[in-house]
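A closer look at the structure
Here is how the chains run, residue by residue.
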Amino acid sequence: MSGKIEQLKNIIQNHAGIESSDKEKLIEAVAKLNDQAADYLIFLAENNPENLARINQYFKAKSEVFATQDPEKIKSFLDKHYRELLDEASQEEN
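Position numbers for residues start from 1 in each chain and track the written sequence from start to end. Local features are withheld for residues below a pLDDT of 70 in this predicted model, meaning they are given only at 70 or higher, and side-chain atom pairs are given and counted only at 80 or more; totals for whole chains, interfaces and linings count all residues. Hydrogen atoms and water are omitted, and side-chain values are computed over all heavy atoms in the structure.

With respect to the packing of helix H2 (residues 20-30) against helix H4 (residues 49-68)
Relative orientation and spacing of two packed helices are given, respectively, by the angle between their axes and the distance between those axes. The axes are straight lines fitted to the C-alpha atoms, using for helices just the contacting stretch, and the angles between their N-to-C directions are given from 0 to 180°. The secondary structure listing takes helices from DSSP runs of H or I that are at least 4 residues long and strands from runs of E that are at least 2 residues long, numbered from the N terminus. Running from N to C, H2 and H4 point in directions that differ by 85°, and their axes come no closer than 10 Å. The orientation of H2 relative to H4 falls into the category roughly perpendicular. Mapping the contact onto sequence places Asp22, Leu26 and Ala29 in H2 and Leu52, Ile55, Asn56, Phe59 and Lys60 in H4. These descriptions rest on fixed angle ranges, namely under 35 degrees for roughly parallel, over 145 for roughly antiparallel, 65 to 115 for roughly perpendicular, and the rest for oblique. In this analysis, two residues are considered to be in contact whenever any of their non-hydrogen atoms come within 4.5 Å of each other.

Shown next, in the form of structure tokens:
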């Protein structure tokens, strides 16, 4: 396991706004990331700790929706989050 993944795990473990059970699941998810993705999440978490809580909420919601195996719910979820990302990106440009 890379040092970047370990750094990201430590950031997650020390985050006060994420419940212990969620931390474990988030750590499992980030353990599978490549170093480039880990770098980006480290940047987001260090830039604003609230970003990590938002990422955790996204992972939780995604897991719940995908567990339903309902194609319409999955498509709706992905469409919603894609629109939110586009909206945020356009707001940052302005």
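Read on, since the account is not over.
Quick look at the confidence of the model for the protein
Summarising the model, the protein shows a mean pLDDT of 89, and 95% of its residues fall at 70 or more. The least confident element of the protein is helix H5 (residues 71-93), whose mean pLDDT is 83; the most confident is helix H1 (residues 3-13), at 94. Within a predicted model, pLDDT stands for the predictor's per-residue confidence, ranging from 0 to 100.

Regarding the packing of aromatic side chains
Aromatic pairs are defined between Phe, Tyr and Trp rings, using the six-membered ring for Trp, whenever the two ring centres lie within 6.5 Å; interplanar angles under 30 degrees are classed as stacked, those over 60 as edge-to-face, and all others as tilted. Under the defined criterion, the tally for this structure stands at two aromatic pairs. When the centroid spacing of 5.5 Å and the interplanar angle of 25° are considered together, the rings of Tyr58 and Phe77 count as stacked. Remark: Phe77 occurs in helix H5 and Tyr58 occurs in helix H4; sequence separation between them is 19 residues. Type-normalised accessible area, obtained with a 1.4 Å probe on protein chains alone, sets the label of each residue: buried when under 20%, exposed when over 50%, and partly exposed for intermediate values. Judged by relative accessible area, Tyr58 falls into the partly exposed class, the value being 30%. An aromatic cluster is defined as three or more aromatic residues linked by ring pairs; in this entry it consists of Tyr58, Phe59 and Phe77. By definition here, charges over rings are those cases where NZ of Lys or CZ of Arg is within 6 Å of the ring centre and within 35 degrees of the ring normal. Over the ring of Phe66 we find Lys62; its NZ or CZ atom is 5.5 Å from the centre of that ring.

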